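What follows is the residue order along each chain.
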Amino acid sequence: MTATVIDGKAFAAKVRGQVADHVARLKEAHGITPGLAVVLVGEDPASQVYVRSKGKMTVEVGMKSVEHKLDADTSEEDLLAVVKSLNEDTEIHGILVQLPLPGHLNEDLVINSIDPAKDVDGFHISNVGLLGTGQKSMVPCTPLGCLMMLRDHHGSLSGLNAVVIGRSNIVGKPMAQLLLNDSCTVTIAHSRTKDIQDVVRGADVVVAAVGRPEMVTGEWIKPGATVIDVGINRIDAPEKGEGKTRLVGDCDYDSCAEVAGAITPVPGGVGPMTIACLLANTVTACCRANGLAEPEGLTA
Ligand code: GUN
């Protein structure tokens, strides 16, 4: 079998189009422009690239984009004051504090200081609890993007065996919760799981989010299963020339694609969906804040 390729780049463009339509309607009918604030502390190059990309796409869909760039040695007090001012700003509907934060800052404390209604990352403890009890919440962007692609491919996910590899708070745990809320039978596998290959081989849906390049191979995959690869790993690529690198996922694409029914590539799979879902969450937060109908198909 050769797997259907799930085109995350095209899917993300479609989601951004839906967000842009909704933003235009909010402006026209209600005079409201959704606003997203991103807070970056320090100069981590990967974070800087990510934040720039978020700002550009926020503006492209017609939303207001605000960036707060703070020095690496910013005190916790000063950072909390920035978050407080954004919590109180009625033109801001979504707040994202870029992680990781420098070591002297308490991430949990900072994230939990964000107004849960503006927590477009879905990391606030209130949103984690709401998701865990199947209530309306803000949902973490990467798992939301995976869920959208899975729903689009399968229609209903009810009754499917899903294995999530990885137990991070950002991807693995919320992903498992979303799949459970969609009536999958869910297993979370991780570095201590015994006979992990056998566990994964039982899955109709595999979501790999471990950060280990090409760990999952075709032998692990049940024929016809759907493979969602969240990993983005840079590895050496001597075949491209000395010192060259390439991006790979947590799944060995070629061998998995021979066995799977559908698979997301890296790059061009889950990656583009994350920012698209951040924009979707911002428009959702804006609608909720104003007591207006939420956009359909853009929430969990
Ligand atoms: N750093 C890497 N990914 C993310 C994300 O989705 N949200 C935040 N806040 N920081 C990140």
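Everything numeric in this text was worked out from a predicted model, so none of it was measured. (Residues numbered from 1 in each chain as written. Predicted model: local features only at pLDDT ≥ 70, side-chain atom pairs only at ≥ 80, totals over all residues. Heavy atoms only, no water.)

Visitor: Break down the overall build of the protein chain for me, citing the residues and quoting the values.
Guide: Check the secondary structure of the protein chain and you find 10 helices and 11 strands. Across its three principal axes, the protein chain shows a C-alpha extent of roughly 50 × 45 × 35 Å. Evaluated residue by residue, the protein chain yields a buried proportion of 48% over its 300 residues. Taking the contacts inside the protein chain whose residues are at least 6 apart along the sequence as the reference set, 68% of them involve residues at least 24 apart. Averaged over its 26 positive side-chain charges, the protein chain has a centre that lies 3 Å from the centre of its 37 negative ones. (Helix = DSSP H or I, 4+ residues; strand = E, 2+ residues; numbered from the N terminus. Buried < 20%, exposed > 50% of the residue type's maximum accessible area, 1.4 Å probe, protein only. Contact = heavy atoms within 4.5 Å. Lys, Arg positive; Asp, Glu negative; His and termini not counted. Charge placed at Lys NZ, Arg CZ, Asp CG, Glu CD.)

Visitor: Give me the lowdown on the sheet that holds strand β4 (residues 94-97), citing residues and values where you can.
Guide: Reading across the sheet, the three strands line up as β3-β2-β4 and stay open at both edges, with parallel pairing between neighbours. Two strands lie at the open edges of the sheet, namely β3 (64-70) and β4, each paired on one side alone. The mean angle between the axes of side-by-side strands here comes to 15°, regardless of whether they run parallel or antiparallel. Where strand β2 (residues 35-41) lies against β3, seven bridges are found, and the strand directions are parallel. Bridge assignment links Val39 to a residue of β3, and that residue is His68. (Pairing = 2+ DSSP bridges. Axes fitted to C-alpha atoms, helices over the stretch in contact; angles between N-to-C directions.)

Visitor: Before we move on, could you go through the sheet that holds strand β8 (residues 226-229) and cite the residues and values that matter?
Guide: Strand order in this open sheet of six strands is β1-β11-β8-β7-β5-β6, and the pairing throughout is parallel. At either end of the open sheet lies a strand with only one pairing partner, and these are β1 (4-5) and β6 (185-189). Here strand β5 (residues 161-165) pairs with strand β7 (residues 205-208) via four bridges, running parallel. Bridge pairing in β7 places Val164 opposite Val207. The strands that helix α7 (residues 172-181) touches are β5, β6 and β7; relative to β5, the one it contacts most, it runs at about 170°.

Visitor: Quick rundown of the site of the ligand? Include the residues and the values.
Guide: Around the ligand sit Tyr50, Leu96, Val97, Gln98, Leu99, Asp121 and Phe123, and those are all the residues in its vicinity. The backbone of Leu99 places a nitrogen or oxygen atom 2.8 Å from a nitrogen atom of the ligand. Within the contact set of the ligand, a nitrogen atom lies 2.5 Å away from a side-chain nitrogen or oxygen of Asp121. When isolated, the ligand has an accessible area of 280 Å², and the protein chains bury 80% of it. Counting atoms within 2 Å of the grid points, the majority share of the ligand lands in the largest pocket. Looking at the shell around the ligand residue by residue, the class counts come to five nonpolar, one polar and one charged. (Near = heavy atom within 4 Å. Polar contact = N/O pair within 3.5 Å; in protein donor to acceptor, adjacent residues only side chain to side chain. Areas by Shrake-Rupley, 256 points an atom, 1.4 Å probe, with all protein chains shown as cover. 1 Å grid on protein atoms, 1.4 Å probe; cavity = no way out; pocket = protein on both sides within 12 Å on 5 of 7 lines; lining within 4 Å. Sits in = over half its atoms within 2 Å of the grid points. Nonpolar A, V, L, I, M, F, W, Y, C, P; charged D, E, K, R; others polar.)

Visitor: Can you explain the side chain of Gln98? Please cite residues and give values.
Guide: Along the chain, the position of Gln98 falls in the loop between β4 and α4 (107-111). Of the polar contacts made by the side chain of Gln98, one reaches the side chain of Lys54; its length is 2.5 Å. Not counting chain neighbours up to four residues away, the residues in contact with Gln98 comprise Val39, Leu40, Ser47, Tyr50, Val51 and Lys54.

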